[in-house]
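# Chains, contacts and geometry: an overview
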Amino acid sequence: MKGIFNKINKEKIMNVIIVLIIIALYVSVALFIYSNFRERKRQELANGIINEIDKTIKDNDNKPSEKVVNYQGYKYTVIGKIRIKKINLYQPILKENTKGAYNTALVKMSGPNLNENGNVAIGGHNFMRGNYFIKINKLVKNDVVEITDLSGRKINYYVYEYGVTSKDDASYLAQPSNPNQKIVTLVTCTKGGKERYYVKARAK
Amino acid sequence: MNDMQMIDVSDTVEKKDKFMIFVYVSIIVLVVLGLLTYFFGYDLLKPFIEV
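Keep in mind it's a predicted model, so treat the numbers as computed, not measured.

Along the backbone of chain B there are 2 helices and 0 strands. Scored against the burial criterion, the 51 residues of chain B give a buried share of 0%.

Core analysis: the biggest nonpolar cluster contains 40 residues, and Ile49(A), Ile122(A) and Val184(A) have the highest contact counts within it. Here this core gets 6 residues from one element, more than from any other, and that element is helix H1 (residues 2-59) of chain A.

Residue-level contacts link 14 residues of chain B with 17 residues of chain A. Broken down by secondary-structure element, the contributors of at least two residues to the side of chain B that touches chain A are helix H1 (10-40) and helix H2 (42-45) of chain B. Considering each element in turn, the side of chain B that touches chain A owes the most residues, 8 residues, to H1(B).

Take the environment of Val140(A) next. All names here are of chain A. Within the fold, Val140 resides in the loop between strand E5 (118-123) and strand E6 (144-149). With 10 C-beta atoms counted inside 10 Å, the residue Val140 sits in the exposed group. Each C-alpha atom of the pair Val140 and Lys75 lies 34 Å from the other, and the pair is 65 residues apart in sequence.

All names here are of chain A. When you tally the buried positions in strand E3 (residues 89-94), you get 5 out of 6 residues, the bulk of the element. Both strand E2 (residues 74-84) and E3 contribute to a ladder of 6 bridges, which runs antiparallel. When the bridges of E3 are listed, Val78 appears paired with Leu94. Between E2 and E3, which pair antiparallel in sequence order, lie 4 residues; one of them, Asn88, sits at a positive phi of approximately 55°. Two elements, E3 and strand E4 (residues 106-110), share 2 bridges in a ladder whose sense is parallel. Following the sheet pairing, Ile93 is matched in E4 by Leu106.

To continue, consider the confidence of the model for chain B. Detailed reading of the predicted coordinates is not advisable wherever pLDDT is low. On average, residues of chain B score 84 in pLDDT, and 76% of them reach the 70 mark or higher. Predicted complex metrics record ipTM = 0.76 and pTM = 0.79.

Right, let's talk about the pairing of strand E8 (residues 182-190) of chain A for a bit. Residue and element names in this part refer to chain A. Burial analysis of E8 places 7 of its 9 residues in the buried class, the great majority of the element. Judged from the 6 bridges that link them, E5 and E8 form a sheet pairing that is parallel. When the bridges of E8 are listed, Ala121 appears paired with Thr185. Relative to strand E9 (residues 195-203), E8 is paired through 8 bridges, and the arrangement is antiparallel. Within the sheet, the bridge partner assigned to Cys189 lies in E9 and is Arg196. The turn linking E8 back onto E9 is made up of 4 residues, and Lys191 within it adopts a positive phi angle of 50°.

Here is what the cut-offs are and how they apply
- Residues numbered from 1 in each chain as written.
- Chains lettered and ligands numbered in written order.
- Predicted model: local features only at pLDDT ≥ 70, side-chain atom pairs only at ≥ 80, totals over all residues.
- Helix = DSSP H or I, 4+ residues; strand = E, 2+ residues; numbered from the N terminus.
- Buried ≥ 20, exposed ≤ 12 C-beta atoms within 10 Å, placed from the backbone.
- Core = buried A, V, L, I, M, F, W, Y, C linked by C-beta atoms within 7 Å.
- Contact = placed C-beta atoms within 7 Å.
- Pairing = 2+ DSSP bridges.
- pLDDT = per-residue confidence, 0-100.

Structural data, given as structure tokens:
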């Protein structure tokens, strides 16, 4: 009899474990789908913003340096777009330095207007999926970073330096000694935000 | 205890069968719901997703 009770108890424990596994499976599937949908929405939003600024680039006579875009209830000030063919990145660059902006696209961190002389820094998250700066560590010397501002001016920048630095070190944001040089610095977090990965590129 | 004594375990077996049916149904529901949501749920759920 004791053996049968033991067997029943073991079965109950097993049943509880199986139920927990099923609940964990449901939660995992829900999280996976939510994360996937979130990424799709981000991408849709970024594409929508790019379409809006493309219209501005084609139509504008005033050549504004920024444009407020209201797309699907999200309102951002857009200053241009970036394309890096090597890592399949094509994103708008936003002026707002806010959490929401970072979740939506790439953000200008510091520096002059796009495609002007000086060092302009562009920051972006590196989510585990999709676009943004997750692959900028694949860029090497002479890879091309293409920046288009709202006046339609497109300039190719060529990578000349990249590396990792402490989050407290902002030397990569410094302006160049040559005031006529056009530099773009791409920045993203690494090691859980403790360090920064940066890529510097300059116009030739 | 008599070695030949019979023990009726039919209730336990029936409960186990029901439990296994519950497990299989849960997994099937998970797969079906998951696939339906993944392929057709985006437009429906889009307003509730924060970027």
